[in-house]
Amino acid sequence: MSILDTSPALRDDAPRIVAVPLRVDAADVPARAPEPLASRLLRAKKAYSTRFVAAAIDRDPAAFGLVRDPARAPRPGDVVLARVVTIGQHRRLESPVSRRQILFEGDEIVVAYGSRYAADQFLALLPEDLGPCHLAAAGGLASRVIDQHADVKDATVIEPVGLLSTVDGVVNLADLAPHTVRPAPAVRGAATRVPVVAVVGTSMNSGKSTTLACLAHGLAAAGLTVHAGKATGTGAGNDANHFVDAGAHRVVDFTDLGRPSTFGLPFEEVRDVFATMVGLLAEPAAHGAPDVVLVEVADGVYQGDTRRLLTDDAFRTVVDRVVFAAGDALGASGGVAALRALGCAPSVVSGVLTASPLAVAEARAALDVDVVPTYDLRLPEVALAAAGLGPEVVRPAAGVLGAVGDGHAVA
């Protein structure tokens, strides 16, 4: 059996075989002795994206059952117990505490359904049934790979055993997430009173997360309380942990809202996830109110959800400044022009290109925007300038944020 490209938007005149052939014959799957489901769930390797479900399993594994209807169409975020059939690109599964668990054929894993857009890895879509599919991301995404980058291995193949269920029905990540997505207009208040800096980029791996982390470090070193998060993308713990390690006082991302991935969701839901997350970050926490919110938007300006988000009121009414991460000088020049055309002119360019002094020189010659080496953002004075927060905001830990300007909106 092979996975076929049957996506109405992507298929050719006839379905085409993609990714790795599926091995699901009984001879290929190691036999297991009969075992109670509760024991299997406790022993299964859980993914980072399912960490809140994993905690519920640890508390009461007997509360869970399985829905095994092979024709059932999963929803984004539905949680599935699956068996690893063939090891491919992802040889490890990120655990709820971000440990890389080595996978073996025959392992049972707890992951969540969703779609993935990753230019350097996979394009994967939500399956239409509970048939064999792929582990499309190490953070725990069950999906069906449609296409892939030439330099990555075929995806790891998994065979769903059944959807996790309780007396209330099929378990979805949103059911146990600590925060609920709310409509964008309902969560705008707090975010419009706190400076918000968005980090966007040319593409995947352009240096967005590192840029945000260095900016967080520099602002925290200046004495500010920093809240940070990632609004879109595919769920994983590395970026959130990076922000914590950099000095962010609170970190929230879309997985805390019960979404394993934002790709493939209706745009209105992506917008509401962004608005809810920024609203949460703008609220006071145990250590007090934030002085600044930093938010990363995944992928590049040309990715559909990103492009729409940058022009939506949910973004434009709360974001004060845009920091742009680029991979090279030409990408920086083209990206700045594209952002200006969208009404989101960046204040600073940084990212992977700044690892090369020659690329920095090229970019500075071509741009009228400051080009700042990523790791220079760790310096308080550089971070404050990049975030548009003057020296007057620097304060002792117990102080109050000073004046930061006339309000919000990218224009």
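Residues numbered from 1 in each chain as written. Predicted model: local features only at pLDDT ≥ 70, side-chain atom pairs only at ≥ 80, totals over all residues. Heavy atoms only, no water.

Chemist: So what exactly am I meant to see when it comes to the overall build of the protein here?
Modeler: Within the protein, the secondary structure is distributed over 12 helices and 21 strands. Taking all 411 residues of the protein together, 54% fall into the buried category. Within the protein, contacts between residues separated by at least 24 positions form 72% of all contacts whose residues are at least 6 apart in sequence. Carbon and sulfur atoms provide 53% of the accessible area of the protein, an area that totals close to 16800 Å². (Helix = DSSP H or I, 4+ residues; strand = E, 2+ residues; numbered from the N terminus. Buried < 20%, exposed > 50% of the residue type's maximum accessible area, 1.4 Å probe, protein only. Contact = heavy atoms within 4.5 Å. Areas by Shrake-Rupley, 256 points an atom, 1.4 Å probe, with all protein chains shown as cover.)

Chemist: Could you clarify how one ought to interpret helix α10 (residues 329–341) in this entry?
Modeler: For an α-helix, the turn length of 3.6 residues means that residues three or four places apart are oriented alike. For α10, with 13 residues, the first-to-last C-alpha span of 18 Å sits near the 18 Å given by 1.5 Å per residue. Buried residues of α10: Ala329, Ala332, Gly335, Val336, Ala338 and Leu339, and no others. Where α10 is buried, its residues meet β15 (196–201), α8 (304–310), β19 (321–325), β20 (348–350) and α11 (357–366). Between a side-chain oxygen at the N-terminus of α10 and the backbone nitrogen of leucine 330 the separation is 3.4 Å; the capping residue is aspartate 328. Glycine 343 sits one or two positions beyond α10 and adopts a positive phi of about 80°. (Expected span 1.5 Å × (residues − 1). Polar contact = N/O pair within 3.5 Å; in protein donor to acceptor, adjacent residues only side chain to side chain.)

Chemist: So what exactly am I meant to see when it comes to the packing of aromatic side chains here?
Modeler: Each pair of aromatic rings is reported with the distance of its centres and the angle of its planes. Tallying each qualifying case throughout the model produces two aromatic pairs. Taking 5.6 Å as the distance between ring centres and 35° as the angle between the ring planes, the aromatic pair formed by phenylalanine 274 and phenylalanine 315 counts as tilted. You can see phenylalanine 274 sitting in helix α7 (residues 267–282) and its partner phenylalanine 315 sitting in helix α9 (residues 313–316), a full 41 residues away along the chain. Taken as a pair, phenylalanine 274 and phenylalanine 315 share a single burial class, namely buried. (Phe/Tyr/Trp six-rings, centres within 6.5 Å; stacked < 30°, edge-to-face > 60°.)

Chemist: I tried to follow empty space enclosed by the protein on my own but got confused; where do I start?
Modeler: A water-sized probe rolled over the atoms picks out the places where empty space is left. Inspection of every chain in the model, using the stated rule, returns three cavities of 30 Å³ or more. Taken as a whole, the largest cavity holds about 70 Å³ of empty space. Tyr117, Thr232, Gly233, Thr234, Ser261, Thr262, Phe263, Ala298, Asp299, Gln303, Asp305 and Thr306 are the residues that line the largest cavity. Elements represented by at least two residues in the lining of the largest cavity include exactly β18 (292–300) and α8. For the lining of the largest cavity, the per-class residue count stands at three nonpolar, seven polar and two charged. (1 Å grid on protein atoms, 1.4 Å probe; cavity = no way out; pocket = protein on both sides within 12 Å on 5 of 7 lines; lining within 4 Å. Points joined across faces, edges and corners; volume = space filled by probe spheres on them. Nonpolar A, V, L, I, M, F, W, Y, C, P; charged D, E, K, R; others polar.)

Chemist: What am I meant to see in the layout of surface pockets here?
Modeler: Its boundaries defined by the atoms lining it, the largest pocket holds a volume of some 560 Å³. Secondary structure elements with two or more residues in the lining of the largest pocket: β9 (116–117), α5 (208–221), α6 (237–246) and β18. Of the residues that constitute the lining of the largest pocket, the class distribution is eight nonpolar, 11 polar and nine charged.

Chemist: Whenever I open this one, the environment of threonine 156 confuses me. Can you help?
Modeler: Within the secondary structure layout, threonine 156 lies in strand β13 (residues 156–166). Once the C-alpha coordinates of threonine 156 and alanine 137 are considered, the two residues, 19 residues apart in sequence, prove to be 9.3 Å apart. Of the polar contacts made by the side chain of threonine 156, one reaches the backbone nitrogen of glycine 88; its length is 2.8 Å.

Chemist: Explanation requested: α7 in the structure shown.
Modeler: Spanning 16 residues, α7 covers 23 Å between terminal C-alpha atoms, matching the ideal 22 Å at 1.5 Å per step. For α7, a buried count of 13 out of 16 residues is recorded, marking the element as mostly surrounded by other parts of the structure.

Chemist: Help me out: how do you make sense of unusual backbone geometry in this one?
Modeler: For residues other than glycine, phi is negative in most cases, and the peptide bonds are mostly trans. For serine 98, which is not a glycine, the phi torsion comes out positive at approximately 70°. With respect to the helices and strands, serine 98 occurs in the loop between β6 (92–94) and β7 (100–102). Of note, aspartate 299 is a non-glycine position whose phi angle comes to about 60°, a positive value. Tracing the sequence through the fold places aspartate 299 in strand β18. Aspartate 299 sits in the buried class, given a relative accessible area of 12%.

Chemist: Sorry if this is basic, but what is going on with the sheet that holds strand β17 (residues 250–251) here?
Modeler: Sheet strands line up and pair through hydrogen bonds in the backbone, either parallel or antiparallel. Read across the sheet, seven strands follow the order β17-β16-β18-β15-β19-β20-β21 without closing on themselves; strand pairing throughout is parallel. The open sheet has two edge strands with one neighbour each: β17 and β21 (370–371). Note: strand β16 (residues 226–230) against β17, two bridges, orientation parallel. Along β17, the bridge assignment pairs alanine 228 with valine 251. Across the sheet, α10 touches β15, β19 and β20, and the angle it forms with β19 is around 150°. (Pairing = 2+ DSSP bridges. Axes fitted to C-alpha atoms, helices over the stretch in contact; angles between N-to-C directions.)

Chemist: When you look at the pairing of β19 in this model, what are you seeing that I'm missing?
Modeler: Along a regular strand, successive side chains alternate from one face of the sheet to the other. β19 sits mainly inside the fold: four of its five residues count as buried. The pairing of β19 with β20 spans three bridges and is parallel. Across the sheet, residue valine 323 finds its bridge partner in β20, namely valine 348.

Chemist: Honestly, the pattern of salt bridges in this entry has me stumped. Any pointers?
Modeler: Two side chains carrying opposite charge are able to pair once their charged atoms lie near each other. Considering all chains together, one arrives at 13 salt bridges under this definition. A salt bridge links lysine 45 to aspartate 107; its shortest N-O distance comes to 2.7 Å. On the criterion of sequence distance, the pair formed by lysine 45 in strand β3 (residues 45–46) and aspartate 107 in the loop between β7 and β8 (108–113) is long-range, its members being 62 residues apart. Across this residue pair, the class does not change: lysine 45 and aspartate 107 are buried. (Salt bridge = Lys/Arg side-chain N within 4 Å of Asp/Glu carboxyl O.)

So yeah, pure geometry; function would need other evidence.
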